[in-house]
Amino acid sequence: MLLKTNNLKFIINLKYIFILSITLLTVNVMSAQEIIEDEVKETVKKADTVKNTFNAKKVDGVAAVVGDYIVLESDLDKEYKQLEVQGVDINVIKPCELFGKLLENKLYSHHAVQDSIQVSSAEILQQVDYTIQQFLQQTGGSMEKLLEIHKKEDEKSYRDEIFEIIKNNQLASKMQAKIVEDVDITPDEVRIFFNKIPEDERPTFGTELKVAQIVAAPEVSEDEKQKIIDRLKGFKADVVENGASFRSKVVLYGQDPGMKESSYIYTLDRKKPRMVKEFRDVAFSLQEGEISDPFETEFGFHIIKLEKIRGQQYDISHILLIPKVSDDAIKEAKERLEKVRQSIVDGDIAFAEAARESSDEKETKFDGGQLINPQTQDYNFELTRMDPELYAQIQNLKDNEVSLVLKEEDRRGTVKFKILMVTDRINEHEADYARDYLKIKEQALNEKRVIAIEKWQKEKILDTYIKVSGKHRDCDFSSNWLKQ
């Protein structure tokens, strides 16, 4: 079934399918728990396992059974509440539509287990901690109040429940990703996709800018670097020779805020690159229990301890120390960039050439300082969807005007200076095949993915035990959940 288009509705309708699905898979910590329907004889044995985790009790009616999973009557209300918390306009989502999404979620989870899809316990624990922290913000940090709201007896049972829910949601998400992982599109298919859109219904793209920047980063002295290296060597020696706790040193001295958020464990996957290359290379070279020598990345100096190897996944912990930059080095970096800016303003050198000669940002300097849009992987930034911080920095710039020297400081306290320029501007326009090819290609690919998922659902619904109960059988589902 091809998607209809009407200017920007063409984009919104397609994205809505994925946004709603992802929301259901990732933010709903109050969705139906895994449990086994009593009348499904072939899955009775699995109920014992579920009871060990949940102390399963029938607290409300069963609205549907999908494979080894159920949807409770209360789950629909919980879904609406969660979507409302996320800022979604729930008035535009019909109950039957949302109920259908719940059924899809369970179908994905069920077949993820059947296909032996694995999820990382360490990553799930990270998400459990993050989820609870988010909810605690709504209760002023009170765990007691949070447990009372969610009607839980203690924190452990609450964490166990969230763990299982996130686990099942991850299974569903990975199953959906697996369905579309081999879906690709050819240039000819993109052309056909675009040509089938009536001219008066083609989408309108907002104003787009191309932005370049030159960065000056204060230099760390060699003496400061050596002090950091020696300190990390001391940490390692204390653990290896004296039996000190590596985790304690991470907690007390580590300067990576992400470590605490992830319960002091990162999970790296050889098949899915994460972290910078230098970090991955060291991590994957270690044996279980081994601690690396100090090494440097763009973030600072590290030592890594490999906690556990699980196939292609490595559970690691690390200590990051960030060298201190002197006031003189900060002053020198700012003055250096001010001179570069003046040379550009005076016309002595072009911005792109100055970037190649002077920028300390290796990701952009060899491309004339041009920023790459992380969403589209091209140079264009749609004005209305631009990062708010970047927008604030360039909103008053005229084309080819150089900004003043701007100071930036990240959450680790790292200081840098930069100047910006808007190098090109494309005003709001109707979609053009040549100019907007990458955007059109992405939309065409998304439609093809939707079709692939619909095909998979159609086949798996017929192959899976499904029972929809009560009033929900009156829904006019887009998928054949009633098997009629």
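This one's a predicted model, so the numbers in the text were calculated from it and none came from an experiment.

Structural notes on the overall build of the protein chain
And then number 1: When helices and strands are counted, the protein chain shows 17 helices and 13 strands.
And then number 2: For the protein chain, the exposed area adds up to about 27000 Å²; of that, 48% sits on carbon and sulfur atoms.

Examining the pattern of salt bridges
And then number 1: Going through the model one piece at a time under the given rule, you end up with 23 salt bridges.
And then number 2: With a closest N to O distance of 3.5 Å, glutamate 104 and lysine 101 form a salt bridge. Separated by three residues within a single helix, glutamate 104 and lysine 101 lie in helix 4 (residues 95–114), roughly one turn from each other.
And then number 3: Glutamate 224 is the salt-bridge partner of lysine 227, the closest N and O atoms lying 3.7 Å from each other. Taken as a pair, lysine 227 and glutamate 224 lie in helix 9 (residues 222–242) at a separation of three residues, close to a single helical turn.
And then number 4: On the accessibility criterion, lysine 227 (56% relative accessible area) is exposed.
And then number 5: When salt bridges that share partners are traced, they join Asp129, Glu155 and Arg159 into one network.

Some words on the sheet that holds strand 7 (residues 300–310)
And then number 1: Judged by pairing direction, the sheet is antiparallel, and its four strands sit side by side in the order 5-8-7-6 without closing on themselves. For this open sheet the edge positions go to strand 5 (266–269) and strand 6 (295–297), each flanked by a neighbour on one side alone. Neighbour-to-neighbour, the strand axes of this sheet turn through a mean angle of 50°, independent of strand direction.
And then number 2: Pairing between strand 7 and strand 8 (residues 313–321): nine bridges, direction antiparallel.

Quick notes on the side chain of glutamate 361
And then number 1: Inspection of the secondary structure puts glutamate 361 in the loop between helix 14 (351–358) and helix 15 (362–365).
And then number 2: An unpaired buried charge is present at glutamate 361: no salt bridge exists, and lysine 416, the closest side chain of opposite charge, is 4.2 Å distant.
And then number 3: Side-chain polar atoms of glutamate 361 contact the side chain of threonine 364, separated by 2.7 Å.

Observations concerning the packing of helix 9 against helix 10 (residues 246–253)
And then number 1: Interaxial distance between helix 9 and helix 10 falls to 9 Å at its minimum, and their mutual angle equals 150°. Comparing the axis directions of helix 9 and helix 10 gives the class roughly antiparallel. From helix 9, Arg231, Phe235, Asp238 and Val239 reach across to helix 10, where they touch Phe246, Lys249 and Tyr253.
And then number 2: Counted by class, the contact of helix 9 with helix 10 contains four nonpolar, no polar and three charged residues.

As for the nonpolar core
And then number 1: Ranked by internal contacts, the top residues of the largest apolar core, which has 56 residues, are Phe99, Leu103, Ile132, Val468 and Trp481.
And then number 2: The leading source of residues in this core is helix 7 (residues 155–180), at nine residues.
And then number 3: If near-sequence neighbours (up to four positions away) are discounted, leucine 103 is found in contact with Ala64, Val66, Val71, Val468, Phe477 and Trp481.
And then number 4: The next biggest cluster of nonpolar side chains, apart from the first, holds 27 residues, and it includes Val239, Phe246, Phe301 and Ile319.

Considering the state of the cysteines
And then number 1: Following the criterion strictly, the structure yields one disulfide and no others.
And then number 2: Between the sulfur atoms of cysteine 96 and its disulfide partner cysteine 475 the distance amounts to 2.0 Å. The S-S bond linking cysteine 96 to cysteine 475 shows a torsion near -75°; that makes this disulfide left-handed. Of this pair, cysteine 96 sits in helix 4 while cysteine 475 is found in the segment after strand 13 (466–468), placing the two residues 379 residues apart along the sequence.
And then number 3: Accessibility expressed as a relative area gives 29% for cysteine 96, which makes it partly exposed.

Considerations on a negative patch on the surface
And then number 1: Where like charges cluster on the molecular surface, the negative patch consists of Glu199, Asp200, Glu430 and Asp432.
And then number 2: Counting through the fold element by element, glutamate 199 comes out in the loop between helix 8 (187–195) and strand 3 (204–205).
And then number 3: Residue classification places glutamate 199 among the exposed residues on the basis of a relative accessible area of 60%.

Some remarks on the packing of aromatic side chains
And then number 1: Counted under the stated rule, the structure contains seven aromatic pairs.
And then number 2: On the basis of an interplanar angle of 45° and a centroid distance of 5.6 Å, the ring pair of phenylalanine 194 and tyrosine 433 is categorised as tilted. Of this pair, phenylalanine 194 sits in helix 8 while tyrosine 433 sits in the loop between strand 12 (429–430) and helix 17 (437–463), and the two are 239 residues apart along the sequence.
And then number 3: By relative accessible area, phenylalanine 194 is classed as buried at 5%.
And then number 4: You can call tyrosine 433 partly exposed: its relative accessible area is 26%.
And then number 5: Sitting over the face of the ring of phenylalanine 205, lysine 439 holds its NZ or CZ atom 5.7 Å from the ring centroid.

Rules used throughout
Residues numbered from 1 in each chain as written. Predicted model: local features only at pLDDT ≥ 70, side-chain atom pairs only at ≥ 80, totals over all residues. Heavy atoms only, no water. Helix = DSSP H or I, 4+ residues; strand = E, 2+ residues; numbered from the N terminus. Areas by Shrake-Rupley, 256 points an atom, 1.4 Å probe, with all protein chains shown as cover. Salt bridge = Lys/Arg side-chain N within 4 Å of Asp/Glu carboxyl O. Buried < 20%, exposed > 50% of the residue type's maximum accessible area, 1.4 Å probe, protein only. Pairing = 2+ DSSP bridges. Axes fitted to C-alpha atoms, helices over the stretch in contact; angles between N-to-C directions. Lys, Arg positive; Asp, Glu negative; His and termini not counted. Polar contact = N/O pair within 3.5 Å; in protein donor to acceptor, adjacent residues only side chain to side chain. Parallel < 35°, antiparallel > 145°, perpendicular 65-115°, else oblique. Contact = heavy atoms within 4.5 Å. Nonpolar A, V, L, I, M, F, W, Y, C, P; charged D, E, K, R; others polar. Core = buried A, V, L, I, M, F, W, Y, C linked by side-chain atoms within 4.5 Å. Disulfide = S-S within 2.5 Å. Patch = residues over 30% accessible without salt bridge, like charges linked within 9 Å, V, L, I, M, F, W, Y side chains within 5 Å. Charge placed at Lys NZ, Arg CZ, Asp CG, Glu CD. Phe/Tyr/Trp six-rings, centres within 6.5 Å; stacked < 30°, edge-to-face > 60°. Lys NZ or Arg CZ within 6 Å of the ring centre and 35° of its normal.

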